[in-house]
Amino acid sequence: MSSPTTLSGTELAAELNTASAVRAAALPFTPTLATVLVGDDPGSAKYVQMKQRRCAQYGLRSRHIHLPPDTTTAELVVALTDLGRDPEVQGILLQHPLPPQIDERAAFDAIPLRKDVDGTSSAAFAAAALGQPGHRSCTPAGIVRLLDHYGAELAGADVVIVGRSAILGKPLAAMLTARDATVTVCHSRTASLAAHTSRADILIAAAGRPGLITTDMIRPGAVVVDAGFTPGDVVPDAAEVASAITPVPGGVGPMTVAMLLSQTVDAAEAVVGTR
Ligand code: NAP
């Protein structure tokens, strides 16, 4: 089989970020993203820094709130509610995972929908499921954008998603169903994972289990999206059977951040009524 198309998130994210910078510069104020980090997890701190760097690079401002590891749900809710009321902040990102004592759902739901530019609140999930306006969960939105950009036909496609988290698999299933795909969602209790994955026109791995998807689990000619971090959920040999595949890194990751910036600009435009 000829080499597959590379679904380059790096390239598309650069285009999207440049467009966000142009839109941000046209506003009467600088769009501001508040990033909230609870605790000292080095991985989470690194992701937050990277998002702040991207903001600076593309003409957005970021404001960082760092809370101690023993923060309670009530304290975090107060911090998020304050940011929700702050007219200088248009977008709020609560970095996750959160420490175990925090009720994650209560925290996400303390972010008002208009500022929930990471699309993690219940209201944002409902809006995505019902096809209503609102910010979308960034990783699934980035995946849909990438598939659209490379011309993957979604209507009528058999899409199999491996993973059902509230920020990735579930909202992605809702978004793709709204685009007329026939969606199957697999998870850790799925009886025969390979039986599902091997009939997918579009296979999306979002389990966080390196090497879970092996070549024999992929239908020849399928489009394969790997949301996993390095190393990905899909074995590198999958490129031998797929018609198109995301690189890891350089696929889903940059798209997630690009969607965050783009939705922060959307939120700022909504404030001045240009959206
Ligand atoms: P998560 O909350 O841990 O959810 C993982 C999902 O995978 C769960 O639904 C789980 O099933 C399922 N799963 C785990 N092992 C499985 C197996 N052996 N077979 C089938 N399903 C299995 O993770 P997440 O936050 O959704 O993230 C998923 C992946 O995407 C991770 O690699 C994460 O690093 C990556 N990610 C990337 C970005 C990015 O920007 N690139 C952003 C977010 C996440 P159960 O529900 O049954 O437990």
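Above this text sits the structure in question.
Residues numbered from 1 in each chain as written. Predicted model: local features only at pLDDT ≥ 70, side-chain atom pairs only at ≥ 80, totals over all residues. Heavy atoms only, no water.

*Asks:* Describe the site of the ligand, listing the residues and the values that go with them.
*Replies:* The environment of the ligand is formed by 19 residues, the closest being Arg-164, Ser-165, Ser-188, Phe-229 and Thr-256. For the ligand, an oxygen atom lies 2.7 Å from a polar atom in the side chain of Arg-164. Between the ligand and Ser-188, the relevant distance is 2.5 Å, taken from an oxygen atom to a side-chain nitrogen or oxygen of the residue. Protein coverage of the free-state accessible area of the ligand, which is 920 Å², stands at 72%. Considered class by class, the residues forming the shell around the ligand number 8 nonpolar, 9 polar and 2 charged. (Near = heavy atom within 4 Å. Polar contact = N/O pair within 3.5 Å; in protein donor to acceptor, adjacent residues only side chain to side chain. Areas by Shrake-Rupley, 256 points an atom, 1.4 Å probe, with all protein chains shown as cover. Nonpolar A, V, L, I, M, F, W, Y, C, P; charged D, E, K, R; others polar.)

*Asks:* Please give an account of the packing of helix α1 (residues 9-25) against helix α9 (residues 252-272) that cites residues and values.
*Replies:* Following both chains from N to C, one finds α1 and α9 inclined at 15°, their axes separated by 9 Å at the closest point. By the angle between their directions, the pair α1 and α9 is classed as roughly parallel. For the element pair α1 and α9, the recorded crossing hand is left-handed. Each of Gly-9, Thr-10, Leu-12, Ala-13, Leu-16, Asn-17, Ser-20, Arg-23 and Ala-24 in α1 lies in contact with α9, whose residues at this interface are Pro-254, Met-255, Ala-258, Met-259, Leu-261, Ser-262, Val-265, Asp-266 and Glu-269. Looking at the contact of α1 with α9 residue by residue, the class counts come to 10 nonpolar, 5 polar and 3 charged. (Axes fitted to C-alpha atoms, helices over the stretch in contact; angles between N-to-C directions. Helix = DSSP H or I, 4+ residues; strand = E, 2+ residues; numbered from the N terminus. Parallel < 35°, antiparallel > 145°, perpendicular 65-115°, else oblique. Left-handed = near helix turned anticlockwise from the far one by under 90°. Contact = heavy atoms within 4.5 Å.)

*Asks:* Before we move on, can you summarise the side chain of Thr-184 with the specific residues and values?
*Replies:* Structurally, Thr-184 is set in strand β6 (residues 182-186). Thr-184 gets classed as buried once you look at its relative accessible area, which sits at 19%. A distance of 3.1 Å separates the side chain of Thr-184 from the side chain of Arg-199, its partner in a polar contact. Beyond its immediate chain neighbours, meaning those up to four positions away, Thr-184 contacts Val-159, Val-160, Ile-161, His-196 and Arg-199. (Buried < 20%, exposed > 50% of the residue type's maximum accessible area, 1.4 Å probe, protein only.)

*Asks:* Residue-level account of the layout of surface pockets, with values.
*Replies:* Taken as a whole, the second largest pocket encloses approximately 350 Å³ of empty space. Looking at the second largest pocket, it is lined by 19 residues, and the ones nearest its centre are Arg-136, Ala-141, Arg-145, Met-259 and Gln-263. If you list the elements that add at least two residues to the lining of the second largest pocket, you get α1, α6 (138-149), α7 (169-178) and α9. Split into classes, the residues belonging to the lining of the second largest pocket amount to 8 nonpolar, 4 polar and 7 charged. (1 Å grid on protein atoms, 1.4 Å probe; cavity = no way out; pocket = protein on both sides within 12 Å on 5 of 7 lines; lining within 4 Å. Points joined across faces, edges and corners; volume = space filled by probe spheres on them.)

*Asks:* Run through the nonpolar core, naming residues and quoting values.
*Replies:* Of all hydrophobic cores here, the largest spans 46 residues; its most connected members are Ile-143, Leu-147, Val-159, Leu-172, Leu-176, Ile-202 and Ile-204. Elements with a contribution of two residues or more to this core: α1, α6, β5 (158-162), α7, β7 (202-205), β8 (223-226) and α9. Broken down by element, this core gets its largest block of residues, 10 residues, from α9. Setting aside chain neighbours within four positions, we find Leu-147 in contact with Ala-152, Leu-154, Ile-202, Ile-204, Val-223 and Val-225. (Core = buried A, V, L, I, M, F, W, Y, C linked by side-chain atoms within 4.5 Å.)

*Asks:* Explain helix α2 (residues 42-57) to me, using residue names and the numbers behind them.
*Replies:* In an α-helix, one turn spans 3.6 residues; hence positions three or four apart end up facing the same way. An ideal rise of 1.5 Å per residue puts 22 Å on 16 residues; α2 measures up with 22 Å between its terminal C-alpha atoms. Of the residues making up α2, those classed as buried are Ser-44, Val-48, Lys-51, Gln-52 and Cys-55. The buried residues of α2 occupy one face: seen down the axis, they fall within an arc of 100°. Residues Pro-42, Lys-46, Arg-53 and Ala-56 are exposed on α2 and point more than 90 degrees away from its buried face. Looking at the packing, one finds that the buried side of α2 touches β2 (32-38), β3 (61-67), β4 (91-94) and α9. Following α2 by one or two positions, Gly-59 adopts a phi angle in the positive range, close to 80°. (Expected span 1.5 Å × (residues − 1). Arc of directions from axis to C-beta.)

*Asks:* Which residues make up the pattern of salt bridges, and what values do they have?
*Replies:* Side chains that differ in sign of charge can pair as their charged atoms come close. If you walk through the whole model with that rule in mind, you get 8 salt bridges. A salt bridge links Glu-269 to Arg-275; its shortest N-O distance comes to 3.5 Å. The exposure class assigned to Arg-275 is exposed, which follows from its relative accessible area of 59%. By sharing partners, the salt bridges in this structure join Arg-23, Asp-266, Glu-269 and Arg-275 into a single network. (Salt bridge = Lys/Arg side-chain N within 4 Å of Asp/Glu carboxyl O.)

*Asks:* Outline the sheet that holds β5, supporting the account with residue identities and numerical values.
*Replies:* Overall, parallel pairing links the 6 strands, which are arranged β1-β9-β8-β7-β5-β6 in an open sheet. Since the sheet does not close on itself, it has two edges, and those belong to β1 (5-6) and β6, each with one partner. Bridging between β1 and strand β9 (residues 244-245) involves 2 bridges; their strand directions are parallel. By the bridge assignment for β9, Thr-6 is matched with Ile-245. Sheet contacts for α7: β5, β6 and β7; angle to β5, the most-contacted strand, approximately 170°. (Pairing = 2+ DSSP bridges.)

Just geometry here; none of it tells us what the structure is for.
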